[in-house]
Amino acid sequence: MKRYFLSLVASMLLPGMAAVAQSVPEIRFDSDPGALKFPDNIHLGEAAGVATDSKGDIFVYTRTGHPTISIGTSRAFAHGGSRLFEFDRNGKFVREIGQGIYGFLVAQQVRVDPQDNIWVVDQMSNMVIKFDPSGQVQMLLGRKAEAERIPALPLNRPPGAPGGGGGGEGPPAPRGLPGAGAQSDIFQRPTDVAWDASGNIYVADGYGNARVAKFDRDGKFVKSWGSKGDAQSQFSTVHGIAIDAQGNVYVADSGNKRIQVFDPDGNFKTSISNVGSPSAICITPGGHQYLYSSNSNPPDDIDANGEIYKLELTGQIVGKFGRAGKAQKEFGTVNAVDCRNENELYVGEIGNWRVQKLTLHP
Amino acid sequence: MRRFLTCWCILVEALCANAAHAQMKATAQNVPEIPYESVRNFLKLPPNLYLGEAIGVATNSKGHVFVYTRSANTRLFEFDQNGKYVREVGEGLYGFEFAHSVRVDSEDNIWVVDEGSNLVIKFNPEGRVVMVLGHRPEVVAGATATAGGPAPPAEKYTFSRPTDVAWDPQGNIFVSDGYGNNRVVKYDKNGRFLKQVGSEKAGKEPGQFTLPHAIAVDGKGNVYVSDRGNNRTQVFDNDLNFKTAYENVGTAWTVCISPGPHQYLFTSNSNPNGNPPGSWDITGEIYKMELDGTVLGRFGHASKQLGGFQVVHMFDCRNPNEIIVAEIESWRVQKLMLKPAQTKISLAN
């Protein structure tokens, strides 16, 4: 029986995969209930993105309302619905960035690059927006659909069908493998962004497409890889992306319950599984890098999953912590993990409309 | 003529029943009238602030009044015990879409039920969100057509136009759910699903509902549900086993149970939206009852004037002689001073 089990596990593992099912150590942790202090009239909605900069300032990209639709002469237009807030390292509210900006519809992620630029990924405007540290827009990837179809077209239409992603009237879907997307910065519900040491930009794209798109530091399209499926280098919901110091690209392939690892040119290297469905991933900086991956619960069920794993970059599991729930130290559909400090994490939750500051005691 | 009227009423009832809004005359006989006065200009709104449909009203232990209202946007306002405006709670909140209920628990946490976003949201007394029940669907797929056909199976953590919330002394949470589903769900104090009674399907049997519209829990943990479409208040034990039903006080739009050692139950036979002919003659009053269903008295009547009610949606009864009433169609909140002497006389009955 034991041999059968082992061979079964082995058969499920891809070559080169290091993580092996075993009892995973629990990492003790605390959560600071007062990590962020809000002005009276500022409330988080679903806390889709959280990230810190080099000073320890905290950025939260949150769904504060649903976009409103206004009625034009012949088309309907979507406005607003998400906001970006900055807090200092003590949790004191500093400012709002991008108030009323064109591309903030449905918050998906915020990340801060090594130069402290703030990058926002919006799932409905299909845009990646780069703000410089002062909060000015510095670069844009993608374009918001001009107008919205009502009712929306079904998602995941066959290739070549008219209409764009995200319910909008975007550009026509490209002909090619499903999910492969266009060879451009036209996204379909993008989810995340990361950079390598040279400043090349990698966008996880996403819910609608199933690809990783690579751009140079100036935003010029380089290449993209992936399509919808469960084979090697295929994806089923690309939900997150992170890059290590060597430039290896870690892609949270959530629907396939694995993290696929690629070299900087998109060549498949290895795959990490047995950490559930990776929804939010993060790689620590420094000499010895670790990978965090959240097996987030579905937003409509707190009786399943919810734990966050700490791994070596090889995929070996160091430990795990937390579970789904609504109380302090429980997680409600974690959508973002910031791990600038290995043992001081910020997690953004969809289900609980909050950011928790966690201190790990490994 | 009388026959004609009867036929007409049957027709109207049939039409209304389709929309789960059947209205009926209370069958309780010889119910004493409880005298009362409506306080003039109770809520003092700042200029430029208006109530819309006054859907939810509740007080905290200090007597502060919370009003959850459908104005241009759904908003939650706080007033002090004298009706002076204090503040807005949850300004611009993600979950505020279409108000249905506000209640305040024994620790002065403020809970709202929103039937547009399908959420139950708990604020601490400072007005910060501390828990969310339910999940608002992501809008990223764009606007979709309103779903038709039968309701999909009710899920543990997803509501379908929920209506109200209540708690037992242990802090367990009870949600009436609602217009889409037809059930009551029990959660523990941390929001973990425990059990439900009813289902997504409407029904008339004990333990089934047709639009459970409001909910309250007494000091022993018994659960009272305004089963509006079935014109009754159903009573359950703490594990949601059916105990009894009160069916003689008209349509049960909303329910409130006063605190303290001797608890009273208030229920409203609200006049229907749209004021169909004759409806003002048979509906609009509020009943005061013992928890066992004994009717003690009634007060109020359908009217657009102060002191009358224009579709009572909810009321607060923290003080059983000071009832604060929210009305849908008069966009107002009234404070009613019941005359205690008369109340005592009716109690003696």
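Our structure is the block above this text.
Sequence order as written defines residue numbering, which begins from 1 separately in each chain. Naming scheme: in the order in which they are written, chains are lettered from A and ligands are numbered from 1. Local features in this predicted model are restricted to residues whose pLDDT is 70 or higher, and side-chain atom pairs enter the listing and the counts only when it is 80 or higher, whereas totals over whole chains, interfaces and linings include all residues. Derived side-chain values reflect all non-hydrogen atoms in the structure, with water molecules and hydrogen atoms excluded from consideration.

## Focus: the overall build of chain A
Now for step 1: Helical segments are the DSSP runs of H or I of at least four residues, strand segments are the runs of E of at least two, and each set is numbered from the N terminus. Each helix and strand counted, chain A has 1 helix and 26 strands in total.
Now for step 2: The classification of residues rests on relative accessible area computed with a 1.4 Å probe and restricted to protein chains. Under 20% of the type maximum is buried, over 50% is exposed, and intermediate values are partly exposed. Taking all 362 residues of chain A together, 58% fall into the buried category.
Now for step 3: For chain A, long-range pairs separated by at least 24 residues make up 47% of all intrachain contacts whose partners lie at least 6 apart in sequence.
Now for step 4: In these tables, accessible area is a Shrake-Rupley quantity obtained with a 1.4 Å probe, and a residue counts as shielded only by the protein chains included in the view. Per element, the accessible surface of chain A, about 14500 Å² overall, is 51% carbon and sulfur. Should any heavy atoms of two residues lie within 4.5 Å, those residues are considered in contact.

## Considering the state of the cysteines
All names here are of chain A.
Now for step 1: Only a pair of cysteine sulfur atoms within 2.5 Å qualifies as a disulfide here. Summed over all chains, the structure comprises 2 disulfides over all chains.
Now for step 2: Sulfur-sulfur distance for the disulfide between Cys-282 and Cys-339 comes to 2.1 Å. Because the torsion about its S-S bond is -95°, the bridge between Cys-282 and Cys-339 counts as left-handed. Residue Cys-282 is found in strand 20 (residues 278–283), and its partner Cys-339 is found in strand 24 (residues 334–341); the two are separated by 57 residues along the sequence. You'll find Cys-282 and Cys-339 in the same group, each marked buried.

## Some points on the interface of chain A and chain B
Now for step 1: Contact with chain A, which involves 38 residues of that partner, is made by 32 residues of chain B.
Now for step 2: Buried area between chain A and chain B, summed over both chains or domains, comes out near 2800 Å², and the portion from carbon and sulfur atoms is 56%.
Now for step 3: Here, a salt bridge means any side-chain nitrogen of Lys or Arg that lies within 4 Å of a carboxyl oxygen of Asp or Glu. Connecting chain A to chain B are 5 salt bridges.
Now for step 4: The partner of Asp-301 of chain A in a salt bridge is Lys-156 of chain B, with the nearest N and O atoms 3.9 Å apart.
Now for step 5: Distance and chemistry together define a polar contact, namely a pair of N or O atoms within 3.5 Å, with one atom able to donate a hydrogen and the other to accept it when in protein, and with adjacent residues in sequence counting only for side-chain atoms on both sides. Put simply, chain A and chain B have 16 residue pairs in polar contact (both at pLDDT 80 or more) between them.
Now for step 6: Residues belonging to the side of chain A that touches chain B are distributed by class as follows: 16 nonpolar, 11 polar and 11 charged. Accessible surface is computed with a 1.4 Å probe, and the buried area is the amount of it that two parts give up when combined, taken over both parts together. Each residue is assigned to one class: nonpolar for Ala, Val, Leu, Ile, Met, Phe, Trp, Tyr, Cys and Pro, charged for Asp, Glu, Lys and Arg, and polar for all the others, Gly among them.

## Some points on the sheet that holds strand 11 (residues 173–177) of chain B
All names here are of chain B.
Now for step 1: Only strands joined by at least two bridges in the DSSP assignment are considered to pair. With respect to topology, 4 strands assemble into an open sheet ordered 10-11-12-13, the strand pairing being antiparallel. If you trace the sheet from one side to the other, it starts and ends with strand 10 (162–167) and strand 13 (193–199), each paired once. With strand direction ignored, the average angle separating the axes of adjacent strands in the sheet is 15°.
Now for step 2: Strand direction decides the pairing type here: strand 12 (residues 182–187) and strand 13, joined by 6 bridges, are antiparallel. The residue of strand 13 that forms the bridge with Lys-186 is Lys-195. Note on method: axes are straight lines fitted to C-alpha atoms, helices fitted across the in-contact stretch only, with angles between N-to-C directions ranging 0 to 180 degrees.

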